[in-house]
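For reference, the chains in residue letters:
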Amino acid sequence: MHPIKFGTDGWRGLIAADFTFERLKLVAPVAALVLKEVYGSENGNNQVIIGYDRRFLADKFARSAAEAVQAVGFDVLLSQSYAPTPAFSWAAYQKKALGALVITASHNPGGYLGLKVKGAFGGSVGGEVTQLIEAKIGQELGLATPGSWQIFDPWESYCQALRSQVDMAQIQQAIAQGKLQVFADVMHGAAATGLARLLGTEICEINSNPDPLFDGAAPEPLPRYLSQLCRLIRTQKLQHPDRLRVGLVFDGDSDRIAAVDGSGNFLSSQILIPILIEHLALRRGMTGEVIKTLSASDLIPRLASLYNLPVYETPVGYKYIADRMLTTKVLIGGEESGGIGYGHHIPERDALLSALYVLEAVTQSERDLSQLYENLQAKVNFISAYDRIDLPLAGMEVRSRLLKLLETHPLTEIAGESVLSYQSIDGYKFRLADGSWLMIRFSGTEPVLRLYSEAPNLELVQRNLTWAEKWANS
Ligand SMILES: O=P(O)(O)OC[C@H]1O[C@H](O)[C@H](O)[C@@H](O)[C@@H]1O
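Residues numbered from 1 in each chain as written. Predicted model: local features only at pLDDT ≥ 70, side-chain atom pairs only at ≥ 80, totals over all residues. Heavy atoms only, no water.

## Observations regarding unusual backbone geometry
The residue Ser106 is not glycine, and still its phi comes out positive at about 50 degrees. Structurally, Ser106 is set in the loop between β4 (99–103) and β5 (112–119). Among the residues examined, Ser106 registers a relative accessible area of 3% and is labelled buried. Positive phi, normally seen in glycine, also occurs at His188, with a value near 65 degrees. Tracing the backbone through its elements, the reader meets His188 in the loop between β7 (180–185) and α7 (194–199). (Helix = DSSP H or I, 4+ residues; strand = E, 2+ residues; numbered from the N terminus. Buried < 20%, exposed > 50% of the residue type's maximum accessible area, 1.4 Å probe, protein only.)

Rendered as structure tokens:
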């Protein structure tokens, strides 16, 4: 059994081995007590939100966590159904609760479950808070009078909040008039029914049924899992070539997003973030800082500069973006792995809100997503091709060996190109003479080495990645 440790976002474990009812009953009340210690507020609110996704036994785990939290004196607000993680972050913020405990393993494979801890401000708590939780696990909790118990609907207020940010009527009209076809792959996860609830109309949603095994894959918005959606959109293109089509993809707990264009091509958040920046700045006239993680596209600062928006760069991890949102006026913050959030909402990634903005951008511009992307690349005179590979690690010693190598023998040449400069705030990001970059970084959530590259064309991206793969295996 692995020790209870919080990673990049929450504590995750294999169901029945690491993530058990007994262990959750130990962790949940401690998390609630720490939330009170950190956010226990002036208003004396003693409420803790308990939510869950659609994983195996997630509802039962949530009930069990709720009972343990109530027993140590908290007023429990237990969700009546699964919902996106950001809906629970929203509930914590909107109800002025101490925070939310969400039973979810996000995009991990079906064998996993986990616990994400959200603070009163409506986002993931920082490392200092999860360290406090870890340190207190197993300590005597003392006696308390059990708090109250209420069941709540997490969808209603969340959907209302999202609708208020977007021109819903325009999107609804485009759908009703048959100009826009909306497709969603919810990957059997917590976004299921989300777009229909928001739009008040049926859309073409696939993989809506709960499947704790996720078709033997993982609910992660990566091209290898999305061939069904891409095929479906291609077929529809043949039948209705004149319509606008958008495919939206949500991870297991609906905090990450990706998309598919009207011709069935996958679009990662490296493409969506620039499209969203342009939409918010140009069509909505909004301002504020643009936050990107180190691995996010170079197109982002170029576009930000076109619209006079300041840019701030962080290590990988949405927590860094959320931290910044708490102190600065932020327009948008986005990560390469699909997490995108907005300063005018809560400091949390929210895939459904991003989906609505994507639909709004397509409806208002009457352009396909890929056309929007091509236009904005032309505007800033920068062509971006991007890819990432994840190499499984044979063991932790490989990690130490490669890290040592990078430290002691800084790379001066990559795939025959000289290295102009490098950043090492999170892994190593090398800028090469031909304008491309390669980033070598160990994941903080899984035992893999991530290799990222962006260049003016895919051949150069592949050249950099192949070189890095060989280097890592040498
Ligand atoms: O690359 P990793 O360290 O595995 O992190 C990948 C992702 O993990 C979690 O989902 C975090 O919340 C994200 O912010 C992060 O981007």
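There's plenty left to go through after this.
## Some thoughts on the site of the ligand
Of all residues adjacent to the ligand, which total 14 residues, the nearest are Tyr318, Ser443, Gly444, Thr445 and Arg450. Between the ligand and Ser337 there is a distance of 3.0 Å, counted from an oxygen atom to a side-chain nitrogen or oxygen. With respect to the ligand, the side chain of Arg450 contributes an N or O atom lying 2.6 Å from an oxygen atom. In isolation the ligand offers 390 Å² of accessible surface; the protein chains occlude 96% of this area. (Near = heavy atom within 4 Å. Polar contact = N/O pair within 3.5 Å; in protein donor to acceptor, adjacent residues only side chain to side chain. Areas by Shrake-Rupley, 256 points an atom, 1.4 Å probe, with all protein chains shown as cover.)

## Some points on the pairing of strand β2 (residues 47–52)
In terms of burial, β2 is a largely internal element, six of the six residues being buried. Neither face of β2 is left uncovered, since the one carrying Gln47, Ile49 and Gly51 and the one carrying Val48, Ile50 and Tyr52 both have all their residues buried. Crossover connection from β2 via helix α2 (residues 58–71) to parallel strand β3 (residues 75–79): handedness right-handed. (Right-handed = clockwise from strand over helix to strand, strands pointing away.)

## Quick word on the packing of aromatic side chains
Per the stated rule, a full pass over the model turns up 11 aromatic pairs. Between Phe19 and Phe61, the ring centres sit 4.9 Å apart and the planes meet at 65 degrees, which makes this aromatic pair edge-to-face. Within this pair, whereas Phe19 is found in the loop between β1 (11–14) and α1 (21–39), its partner Phe61 is found in helix α2, the two being separated by 42 residues in sequence. Both residues of the pair, Phe19 and Phe61, belong to the buried class. Through a chain of ring-to-ring contacts, three or more aromatic side chains come together here, namely Trp11, Phe19, Phe21 and Phe61. The ring of Trp155 is capped by Arg197, whose NZ or CZ atom sits 4.0 Å from the centre of that ring. Cation over ring: Arg324 sits above Tyr312, and NZ or CZ is 3.7 Å from the ring centre. (Phe/Tyr/Trp six-rings, centres within 6.5 Å; stacked < 30°, edge-to-face > 60°. Lys NZ or Arg CZ within 6 Å of the ring centre and 35° of its normal.)

## With respect to the nonpolar core
Ranked by internal contacts, the top residues of the largest apolar core, which has 113 residues, are Leu101, Ile103, Leu180, Leu195, Leu248 and Phe250. Here this core gets 10 residues from one element, more than from any other, and that element is helix α12 (residues 351–365). When residues of this core are assigned to domains, at least three map to each of domain 1 (11–154) and domain 2 (165–380). Counting residues in hydrophobic clusters, the runner-up holds 24 residues, among them Phe442, Val461, Ala468 and Trp471. (Core = buried A, V, L, I, M, F, W, Y, C linked by side-chain atoms within 4.5 Å. Domains from an automatic or database assignment.)

## Quick notes on helix α8 (residues 227–239)
For α8, with 13 residues, the first-to-last C-alpha span of 19 Å sits near the 18 Å given by 1.5 Å per residue. Listed as buried for α8 are Leu229, Cys230, Ile233 and Gln236. On an axial view of α8, the arc spanned by its buried residues comes to 125 degrees, and they lie on one face. Looking at α8, the residues exposed on the side facing more than 90 degrees away from the buried face are Arg231, Leu238 and Gln239. (Expected span 1.5 Å × (residues − 1). Arc of directions from axis to C-beta.)

## Overview of the pattern of salt bridges
For the structure shown, the criterion picks out 24 salt bridges. Between Asp9 and Lys116 there is a salt bridge whose closest N-O contact spans 3.6 Å. Residue Asp9 is located in the segment before β1, and its partner Lys116 is located in strand β5; the two are separated by 107 residues in the primary sequence. The same class applies to Asp9 and to Lys116, which are both buried. (Salt bridge = Lys/Arg side-chain N within 4 Å of Asp/Glu carboxyl O.)

## Section: the state of the cysteines
Inspection of the entire model under this criterion finds zero disulfides. Looking at the unpaired Cys159, the closest cysteine sulfur is the one in Cys204, lying at 19 Å. Of the residues examined, Cys159 reaches a relative accessible area of 3% and is grouped as buried. Cys204 supplies the cysteine sulfur nearest to Cys230, a cysteine that is in no disulfide, at a spacing of 13 Å. (Disulfide = S-S within 2.5 Å.)

## Brief notes about the domain arrangement of the protein
As far as domains go, the protein holds domain 1 (11–154), domain 2 (165–380) and domain 3 (385–473). The gap between the C-alpha centroids of domain 1 and domain 3 is 37 Å.

## Focus: the sheet that holds strand β17 (residues 413–414)
Pairing in this open sheet of six strands is antiparallel, and the strands run β16-β21-β20-β19-β18-β17 from one edge to the other. Bordering the open sheet on either side are β16 (385–392) and β17, each of which pairs with just one other strand. The pairing of β17 with strand β18 (residues 417–423) spans two bridges and is classified as antiparallel. The residue of β18 that forms the bridge with Glu413 is Ser418. Packed on one face of the sheet, helix α15 (residues 458–473) meets β16, β17, β18, β19 (428–432), β20 (437–442) and β21 (448–455) and runs near 20 degrees to β16. (Pairing = 2+ DSSP bridges. Contact = heavy atoms within 4.5 Å. Axes fitted to C-alpha atoms, helices over the stretch in contact; angles between N-to-C directions.)

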